[in-house]
Amino acid sequence: MPDSNTSTSPRLSGRPQSIDPDGVARIALELFDQHGYAQVSMAQIAEASGIGRKSLYRYFSSKADLVWGGALEAISVSEAALNTGRQTGLGLIESLHKAILGALRSLPDLEVARGRLRLIAEQPELLSQASLRMSEDRERTTRFFMEHGVNEEQAEYLAIAFGAVLFTACVRWAQSTQPDPAPFLANAVQVLQMPRGLN
């Protein structure tokens, strides 16, 4: 016979809660919009999302990580996307353009990405992290240029220029009412030019 003091509710296994990062981000963005980015705590985000703080911290170590994590997915150039662009016979800049547009359009929730980018542009604390947050992507882009005949110094300059132009285009799209980021990216990459003798 069971002990009368034993609870009949199931015991928690201690396994980390499975959460939907985009769903949490959507809730966090709503809180930031209502109360201000600085005024919202990670504890409040966890409570509003119906998850424990420990579970939230397993996915995002800070509010900045919550915002930047998804934003980087939107503007990141993957090796696979770059290779695909080159295999289709596109030029280097066109390959990068195609890779970024593909990354944006493959996101499960483009509006969440838009909200993250808009928030980054509005918050000096987040915007000041742009160079550091995008350093891995900048290095990947530099390698891409060097692998296709651009010398190291020019490759670094091009990667910096491409990252800045791309980020600005994505932010302009995020701050607009236009649903499609493609025209913003197309206008942005037109200002970039490859060194003579390379396409």
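Up top you'll find the structure we're talking about.
Parameters and conventions
Residues numbered from 1 in each chain as written. Predicted model: local features only at pLDDT ≥ 70, side-chain atom pairs only at ≥ 80, totals over all residues. Heavy atoms only, no water. Helix = DSSP H or I, 4+ residues; strand = E, 2+ residues; numbered from the N terminus. Buried < 20%, exposed > 50% of the residue type's maximum accessible area, 1.4 Å probe, protein only. Contact = heavy atoms within 4.5 Å. Core = buried A, V, L, I, M, F, W, Y, C linked by side-chain atoms within 4.5 Å. Phe/Tyr/Trp six-rings, centres within 6.5 Å; stacked < 30°, edge-to-face > 60°. Axes fitted to C-alpha atoms, helices over the stretch in contact; angles between N-to-C directions. Parallel < 35°, antiparallel > 145°, perpendicular 65-115°, else oblique. Left-handed = near helix turned anticlockwise from the far one by under 90°. Nonpolar A, V, L, I, M, F, W, Y, C, P; charged D, E, K, R; others polar. Arc of directions from axis to C-beta. Expected span 1.5 Å × (residues − 1).

J.: I'm lost on the overall build of the protein in this one. Help?
T.: When helices and strands are counted, the protein shows 12 helices and 0 strands. Expressed as a percentage of the 199 residues in the protein, the buried residues total 42%. Considering only contacts in the protein between residues 6 or more positions apart, those separated by 24 or more positions represent 70%.

J.: Looking at this model, I keep getting lost on the nonpolar core. Mind explaining?
T.: One recurring pattern in soluble globular proteins is that nonpolar side chains are buried together. Ranked by internal contacts, the top residues of the largest apolar core, which has 55 residues, are Phe-32, Ile-45 and Phe-145. Residue contributions to this core peak at 10 residues, all from helix α11 (residues 152–175). Look past the residues within four positions of Phe-32 in its chain and what remains in contact with it is Tyr-37, Val-40, Ile-45, Lys-63, Val-67 and Leu-119.

J.: Mind showing me how you'd approach the packing of aromatic side chains here?
T.: Any aromatic ring pair is given by two values, namely how distant the centres are and how the planes are angled relative to each other. Scanning the entire structure with this criterion turns up 4 aromatic pairs. Ring centres 6.5 Å apart and planes at 40° place the aromatic pair Tyr-59 and Phe-60 in the tilted group. According to the relative accessible area criterion, Tyr-59 is partly exposed, its value standing at 38%. Residue classification places Phe-60 among the buried residues on the basis of a relative accessible area of 7%. Seen in terms of ring centroids, Phe-144 and Phe-145 are 6.0 Å apart; in terms of plane orientation they differ by 55°. Their pairing is tilted. Like Phe-145, Phe-144 is buried.

J.: Just to check I follow, could you spell out the environment of Val-24 for this structure?
T.: Of note, Val-24 is situated in helix α1 (residues 21–35). Residues Val-24 and Ile-51, spaced 27 residues apart in sequence, show a C-alpha to C-alpha distance of 9.3 Å. If we ignore the near neighbours within four places in the chain, the residues touching Val-24 are Ile-19, Ile-45, Ser-49, Ile-51, Leu-56, Phe-60 and Leu-66.

J.: What am I meant to see in the packing of helix α10 (residues 135–147) against α11 here?
T.: Two numbers describe a pair of packed helices, the interaxial angle and the distance between the axes. Between α10 and α11, the shortest axis-to-axis distance is 8 Å and the interhelical angle comes to 135°. The angle between α10 and α11 falls in the class oblique. Between α10 and α11 the crossing geometry is right-handed. Residues Arg-138, Thr-141, Thr-142, Phe-145 and Met-146 of α10 form the contact with α11, whose own contacting residues are Glu-152, Ala-155, Glu-156, Leu-158, Ala-159, Ile-160 and Phe-162. Among the residues forming the contact of α10 with α11, the class breakdown is 7 nonpolar, 2 polar and 3 charged.

J.: Help me out: how do you make sense of helix α12 (residues 182–189) in this one?
T.: In an α-helix, one turn spans 3.6 residues; hence positions three or four apart end up facing the same way. Three or more residues of α12 are buried, namely Ala-182, Leu-185, Ala-188 and Val-189. Viewed end-on, α12 has its buried residues packed into an arc of 130°, placing them on one side of the element. Contacts made by the buried residues of α12 are with α6 (92–105) and α11.

J.: Explain the packing of helix α4 (residues 63–75) against helix α7 (residues 110–122) here, please?
T.: At a minimum axis distance of 9 Å, the contact between α4 and α7 shows a crossing angle of 115°. Seen from above, α4 lies across α7 with left-handed handedness. On α7, the residues that touch Leu-66, Val-67, Trp-68, Gly-70, Ala-71 and Ala-74 of α4 are Ala-113, Arg-116, Leu-117, Leu-119 and Ile-120. When the residues that make up the contact of α4 with α7 are grouped by side-chain class, the tally is 9 nonpolar, 1 polar and 1 charged.

J.: Just checking my understanding: could you explain the environment of Leu-72 for this structure?
T.: Assignment of secondary structure puts Leu-72 in helix α4. Measuring from C-alpha to C-alpha, the distance between Leu-72 and Asp-137 comes to 8.9 Å, with 65 residues separating the pair along the chain. If we skip the residues at most four places from it in the chain, Leu-72 touches Arg-133 and Met-134.

J.: Can you help me understand α6 in this one?
T.: Here α6 contains 14 residues, and its C-alpha end-to-end distance of 20 Å stays within 8% of the 20 Å for a straight helix at 1.5 Å per residue. A large share of α6 lies buried, amounting to 10 of its 14 residues. Within α6 the residues assigned to the buried category are Leu-92, Ile-93, Ser-95, Leu-96, His-97, Ala-99, Ile-100, Leu-101, Ala-103 and Leu-104.

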